[in-house]
Amino acid sequence: MNENQLSKRLHCVASYIKKGMKIADIGSDHAYLPCYSVKQGAASFAVAGEIAEGPFQSAKEQVEKVRLGHLIDVRKGDGLEVVQPGEVDCIVIAGMGGPLITQILDKGKEKLAGVSRLILQPNIGAEHIRRWLLQNEWELIDEQILEEDGKIYEVLAAERGTPYKPYNESELLLGPFLLKKKNAVFVKKWSSELKGWQNILNSMDKAKDRPETEEKKRELLKKIAIVEEALS
């Protein structure tokens with residue numbers, strides 16, 4: 001992977017950047033996504049944000065190497081603190097867990113002024129992101145599920161709009177757009193999750209009954225019913 005050839009996962013993320021957008025890539029690592037997006041003419045300007053010194057230096061070196069320092073600003077900081085309100089119109093957060101992505105968005109809410117699009121790629125816990133979007137008046141406009149190197153990823157794109165439009169309870173868990181498409185990767189992911197939940201449920205049946213155990217069993221049974229119906 002480099003500034004000319006992204007991984008399948010990041011290529012999917014980049015496909016949601018509208019031409020001419022000013023983007024902030026939070027947790028940019030080597031800044032491949034900003035470099036690729038600017039070189040391809042999708043992004044007109046980019047901020048590459050990193051909290052750790054090593055990745056921050058790697059991103060700086062990459063941007064200097066491809067001579068894009070006039071269009072890509074590499075900044076060190078925690079989450080959205082690397083951007084100012086109104087500075088960018090698209091936030092990208094990829095390669096983290098869903099709960100962490102929502103924490104970053106929550107902590108930096110004031111930095112979302114002027115932002116018209118969120119492109120979010122959780123490694124796990126996409127449901128957390130859908131709930132955050134719902135609670136913060138962002139409308140999910142599309143999502144993709146894909147497999148790369150034996151791992152399954154989801155990519156979610158959202159804009160300010162009508163947050164409740166896509167959802168019911170099963171769609172919050174599974175993804176409204178993914179549920180409609182129901183491709184082979186979707187089936188593979190949720191078949192695997194179903195087996196895992198059923199194993200947990202079997203283990204709980206052998207354990208002593210406690211109020212917290214019963215509550216978790218109810219939650220698992222609810223999820224199992226949703227997934228079984230989706231896969232039937």
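The structure this text deals with has already been given above.
Since this is a predicted model, take the numbers as computed values, not measurements. (Residues numbered from 1 in each chain as written. Predicted model: local features only at pLDDT ≥ 70, side-chain atom pairs only at ≥ 80, totals over all residues. Heavy atoms only, no water.)

Novice: Just checking my understanding: could you explain the sheet that holds strand β7 (residues 151–160) for this structure?
Specialist: In a beta sheet, neighbouring strands are held together by backbone hydrogen bonds and run either parallel or antiparallel to one another. Here we have seven strands laid out as an open sheet, ordered β3-β2-β1-β4-β5-β7-β6, and mixed in their pairing. Strands with a single pairing partner mark the edges of an open sheet, and in this sheet they are β3 (72–76) and β6 (138–148). Strand-to-strand, the axes of this sheet are offset by a mean angle of 15°, without reference to chain direction. Those strands touched by helix α2 (residues 32–39) are β1 (21–26), β2 (43–50), β3 and β4 (90–96), and its axis lies near 175° from that of β2. (Pairing = 2+ DSSP bridges. Helix = DSSP H or I, 4+ residues; strand = E, 2+ residues; numbered from the N terminus. Axes fitted to C-alpha atoms, helices over the stretch in contact; angles between N-to-C directions. Contact = heavy atoms within 4.5 Å.)

Novice: Would you mind going over the packing of aromatic side chains with me for this structure?
Specialist: How two aromatic rings sit relative to each other is set out by the distance from centre to centre and by the angle between their planes. Using the criterion set out here, one finds one aromatic pair in the structure. Relative to W197, the ring of W190 has its centre 6.0 Å away and its plane inclined at 50°; by these criteria the two rings are tilted. Positioned over the ring face of Y153 is R9, at 5.6 Å from the centre of the ring. Here the basic side chain of K180 rests over the ring of F177, its NZ or CZ set 5.8 Å away from the ring centre. (Phe/Tyr/Trp six-rings, centres within 6.5 Å; stacked < 30°, edge-to-face > 60°. Lys NZ or Arg CZ within 6 Å of the ring centre and 35° of its normal.)

Novice: Whenever I open this one, helix α8 (residues 184–206) confuses me. Can you help?
Specialist: Spacing of three or four residues puts side chains on the same side of an α-helix, whose turn is 3.6 residues. Along its 23 residues, α8 runs 34 Å from first to last C-alpha, staying within 8% of the 33 Å computed at 1.5 Å per residue. Those residues of α8 not exposed but buried are V185, F186, K189, W190, L194, W197, L201 and M204. Check the buried side of α8 and you find it contacts β6, β7, α6 (169–174), α7 (176–181) and α9 (211–231). Of the residues that open α8, the one with a side-chain oxygen 3.2 Å from the backbone nitrogen of V185 is N183. (Expected span 1.5 Å × (residues − 1). Buried < 20%, exposed > 50% of the residue type's maximum accessible area, 1.4 Å probe, protein only. Polar contact = N/O pair within 3.5 Å; in protein donor to acceptor, adjacent residues only side chain to side chain.)

That's the geometry; what it means functionally is another story.
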